[in-house]
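Single-letter residue listing:
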Amino acid sequence: MIRLIQISTIFALLTFSAYAEVTVHNAWVRPTVPQQKVTGAFMTITSTTPAQLVGITSPVAERVEIHEMKMENDIMSMRAVPSLPLPAGKQTKLAPGGYHVMLFDLHQQVKAGDSVSLTLFIEGSNRKRTSVTVKAIAK
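Residues numbered from 1 in each chain as written. Predicted model: local features only at pLDDT ≥ 70, side-chain atom pairs only at ≥ 80, totals over all residues. Heavy atoms only, no water.

A. Focus on the pairing of strand β10 (residues 129–138). Examined bridge by bridge, strand β1 (residues 22–29) and β10 share two bridges and lie parallel to one another. Considered in β10, the bridge of tryptophan 28 is made with isoleucine 137. Pairing of strand β9 (residues 115–124) with β10, which is carried by nine bridges, proceeds in the antiparallel orientation. From the neighbouring strand, glutamate 123 faces β10, where its bridge partner is arginine 129. Where β9 folds back onto β10 in an antiparallel hairpin, the turn is made up of four residues, including arginine 127, whose phi is positive at roughly 75 degrees. (Pairing = 2+ DSSP bridges. Helix = DSSP H or I, 4+ residues; strand = E, 2+ residues; numbered from the N terminus.)

B. Highlighting the nonpolar core. In terms of nonpolar packing, the biggest core is built from 30 residues, with Met43, Ile45, Leu53, Leu103, Leu118 and Leu120 touching the most fellow members. Only β1, β2 (38–47), β3 (51–57), β4 (61–72), β6 (84–86), β8 (99–106), β9 and β10 provide two or more residues apiece to this core. For leucine 53, the residues in contact, after removing those within four places along its chain, are Ile45, Ile66, Pro82, Ser83, Leu84, Leu86, Leu94, Leu120, Phe121 and Ile122. (Core = buried A, V, L, I, M, F, W, Y, C linked by side-chain atoms within 4.5 Å. Buried < 20%, exposed > 50% of the residue type's maximum accessible area, 1.4 Å probe, protein only. Contact = heavy atoms within 4.5 Å.)

C. Looking closely at the side chain of glutamate 68. With respect to the helices, strands and loops of the structure, glutamate 68 is situated in strand β4. Once residues within four sequence positions are removed from consideration, glutamate 68 is found in contact with Ser77, Met78, Arg79, Val81, Gly98, Tyr99 and His100.

D. Expanded view of the pattern of salt bridges. Under the definition given, this model contains five salt bridges. Residue arginine 63 is joined to glutamate 65 by a salt bridge in which the shortest nitrogen-to-oxygen separation is 2.9 Å. Classification of arginine 63 as partly exposed rests on a relative accessible area of 37%. Using a relative accessible area of 23% as the deciding quantity, one classes glutamate 65 as partly exposed. Ionic pairing is found between glutamate 123 and arginine 129, a salt bridge with its closest N-O pair at 2.9 Å. (Salt bridge = Lys/Arg side-chain N within 4 Å of Asp/Glu carboxyl O.)

Distances and angles like these do not, on their own, reveal function.
Encoded structure:
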């Protein structure tokens, strides 16, 4: 009986690993002040296969967008992008001053230390979509 449990546990771990193509590390959000309706989220995403981040949702915001900040003609601009490439085996950093996530129309204040749930939608090169839910700490 014990041997059977060990084998099924190993099988479950192998099955999970086969589908776990995307990992997210160091997810965090900026805390807000009362009445503030927008904040940013940041993280590092790694995919084992070529993929793209095609969307994000969060229960704390009405709308969530992937954004890019870049310098153009000595002017810093920020714009929404429909997706973000995730090259195989490389870290993609979402950080202040570059690619990041914007949370709009917040339902509540995000206080330092709060945990904010974010669901990332990933599309593989085969067009199959999966989701990854992470907890981002407000700091």
